[in-house]
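Close look at the chain arrangement
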Amino acid sequence: GGGGGGGVAAGPLAPEDGTGVYELFGFISHMGANTACGHYVCHIKKGGKWVIFNDRKVAFSEATPLDRGYMYFFRRADA
């Protein structure tokens, strides 16, 4: 028995759940020749602009590498 689903219903989402539109707000990318050298940095969208967090340096991202991310972060736009 048991198998409680924690209140999450199976099947299609209820209409009152919204459209399910998501927006990208951050991602992790790698700077370096390969994964054996270099390091990872974080890009966050703040106030409509991309900001890069590179160790202790934080700056506006001039050439945001959206196509070179390792992990992307989305948030629900219609919530």
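In this report, the structure presented in the accompanying data block is examined. (Residues numbered from 1 in each chain as written. Predicted model: local features only at pLDDT ≥ 70, side-chain atom pairs only at ≥ 80, totals over all residues. Heavy atoms only, no water.)

Thoughts on the pattern of salt bridges
Tallied over the full model, the rule gives 1 salt bridge. Note that arginine 75 and glutamate 23 form a salt bridge whose closest N and O atoms lie 3.1 Å from each other. In this pair, arginine 75 sits in strand β5 (residues 69-76) while glutamate 23 sits in strand β1 (residues 22-34), placing the two residues 52 residues apart along the sequence. (Salt bridge = Lys/Arg side-chain N within 4 Å of Asp/Glu carboxyl O. Helix = DSSP H or I, 4+ residues; strand = E, 2+ residues; numbered from the N terminus.)

Thoughts on unusual backbone geometry
Non-glycine residue aspartate 55 carries a positive phi angle of around 55°. Within the secondary structure, aspartate 55 sits in the loop between β3 (49-54) and β4 (57-60). Accessibility expressed as a relative area gives 66% for aspartate 55, which makes it exposed. (Buried < 20%, exposed > 50% of the residue type's maximum accessible area, 1.4 Å probe, protein only.)

As for the environment of tyrosine 72
Mapped onto the elements of the fold, tyrosine 72 is located in strand β5. Looking at tyrosine 72, the relative accessible area reads 33%, which means it is partly exposed. The spacing of tyrosine 72 and glycine 26 is 46 residues in sequence and 6.0 Å in space, taken between C-alpha atoms. When sequence neighbours within four positions are dropped, the list of residues in contact with tyrosine 72 reads Leu24, Gly26, Phe27, Leu66 and Asp67. Here leucine 66 takes part through its backbone oxygen, which lies 2.6 Å from a polar atom of the side chain of tyrosine 72. In this structure the side chain of tyrosine 72 is engaged in a polar contact, spanning 2.9 Å, whose partner is the backbone nitrogen of glycine 69. (Contact = heavy atoms within 4.5 Å. Polar contact = N/O pair within 3.5 Å; in protein donor to acceptor, adjacent residues only side chain to side chain.)

Digging into the packing of aromatic side chains
The geometry of an aromatic ring pair is captured by two quantities: the separation of the ring centres and the angle between the planes. Tallying each qualifying case throughout the model produces 4 aromatic pairs. Where tyrosine 40 meets tyrosine 70, the ring centres are 5.4 Å apart and the plane angle is 85°; that geometry is what we call edge-to-face. Of the two residues, tyrosine 40 is situated in strand β2 (residues 37-46) and tyrosine 70 in strand β5; the sequence distance between them amounts to 30 residues. Residue classification places tyrosine 40 among the partly exposed residues on the basis of a relative accessible area of 44%. Clustering of aromatic rings is evident, with ring pairs tying together Phe27, Trp50 and Tyr72. We note lysine 49 situated over the ring of phenylalanine 60; from NZ or CZ to the ring centre the distance is 5.3 Å. (Phe/Tyr/Trp six-rings, centres within 6.5 Å; stacked < 30°, edge-to-face > 60°. Lys NZ or Arg CZ within 6 Å of the ring centre and 35° of its normal.)

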